[in-house]
Amino acid sequence: MIWNIVSDSSCDLRTEDFSSDKVAFELVPLRIQVGSQEFVDNDLLEVPVMLAAMADEKTASSTACPSPAAFARAFEKGDKTICFTISANLSGTYNAAVLGREMVLEEHPEKEICIIDSKATAGAMVLLIRKAKELMEADTTGNFESICAQLRLYQAALRTCFTLENFDNLIKNGRMRPLVGTLLHSLGIHVIADATPQGTIHVADKARGEAKTYSAITALMRESKDCEGAEVVISHCENMTGALKLKERILADLPVKSVDIISCRGLTSFYAMEKGLIIGY
């Protein structure tokens with residue numbers, strides 16, 4: 001029996017980050033269109049090159065979700081598969097995965113495939129993948145439904161927040177007026193937002209300067225859930241210095257178990273832009 005975890009590339013993990021003798025791991029890449037250039041969000045993507053292309057491009061860049069066939073190919077590799085996707089309210093990726101599941105079950109009705117909408121992205125998906133791996137490796141009965149139920153409960157308890165200080169992409173996509181973006185940037189103001197339980201984005205606060213921003217983030221984390229023993233994953237977009245400072249602030253302010261730092265892949269870099277930070281906990 002082959003246990004299989006599948007995720008779209010918004011999880012920020014690289015294939016090399018996953019290791020297990022019992023569980024397979026498949027990443028299904030999204031794509032980012034920048035002018036006439038297409039960047040595939042696989043392990044070969046050079047994020048700085050993509051960001052430079054986005055900065056040079058005058059028109060709005062866009063993203064494209066994986067095809068159902070791409071998910072189907074990943075699902076076919078396992079007997080029992082659990083798939084995590086970026087929030088269905090942000091992308092059509094979840095629907096593509098559902099169609100991919102139907103394609104596989106038509107040919108292989110004996111396979112078991114569970115698709116879970118993370119209602120988030122980045123670190124929250126990393127935590128879900130780690131939990132799924134832990135449950136699969138510990139399993140002795142092959143109780144697929146029990147593991148899926150535990151993961152759905154775990155997903156409901158996870159939270160995501162993020163901070164931006166580069167607004168070029170929002171401006172080009174018509175989601176922020178140029179004057180507002182220029183003013184925020186010139187004043188050193190960071191936007192702080194979180195993901196709602198439904199998987200939509202809610203602007204929670206604004207702060208000026210790094211220290212106030214990181215304090216506002218830990219305050220938001222404290223208000224959103226009991227962080228006692230929580231695991232935290234920070235994804236950074238070309239901003240290791242900021243991620244390390246935020247990690248220090250989180251460990252000082254909150255009773256969390258651990259704080260890990262990873263680099264944004266292409267899709268999350270598209271949204272977070274340079275120096276953006278995404279926190280899953």
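The structure this text deals with has already been given above.
**Q** Explain the sheet that holds strand 10 (residues 201-208) to me, please; I cannot follow it from the model alone.
**A** What holds strands together in a sheet is hydrogen bonding between their backbones, with the strands either parallel or antiparallel. If you trace the six strands from one edge of the open sheet to the other, you get 10-9-8-13-11-12, paired in mixed fashion. The open sheet has two free edges, formed respectively by strand 10 and strand 12 (258-263), since each of these has just one partner strand. Neighbouring strand axes in the sheet, compared pairwise and without regard to direction, differ in orientation by 20° on average. Bridge count for strand 8 (residues 160-164) against strand 9 (residues 189-195) is four bridges, and the pairing is antiparallel. Looking at strand 9, one finds that F162 is bridged to A193.

**Q** In this structure, what is going on with the sheet that holds strand 1 (residues 3-8)? I would like to understand it.
**A** Ordered in space as 2-1-6-7, the four strands form an open sheet in which the pairing is parallel. One side of each edge strand has no neighbouring strand; the edge strands of this open sheet are strand 2 (23-28) and strand 7 (112-117). Strand after strand, the sheet turns through a mean of 20° between neighbouring axes, direction not considered. In the sheet, strand 1 pairs with strand 6 (residues 80-85) via five bridges, with the strands oriented parallel.

**Q** Even after reading the chapter, I still don't get the environment of E76, so can you show me in this structure?
**A** Position of E76 relative to the elements: it lies in the loop between helix 2 (68-75) and strand 6. C-alpha separation for the pair E76 and E107, spaced 31 residues apart in sequence, amounts to 9.7 Å. When residues no more than four places from it in sequence are discounted, the contact partners of E76 are V104 and K111.

Reading the values: the criteria
- Residues numbered from 1 in each chain as written.
- Predicted model: local features only at pLDDT ≥ 70, side-chain atom pairs only at ≥ 80, totals over all residues.
- Heavy atoms only, no water.
- Pairing = 2+ DSSP bridges.
- Helix = DSSP H or I, 4+ residues; strand = E, 2+ residues; numbered from the N terminus.
- Axes fitted to C-alpha atoms, helices over the stretch in contact; angles between N-to-C directions.
- Contact = heavy atoms within 4.5 Å.

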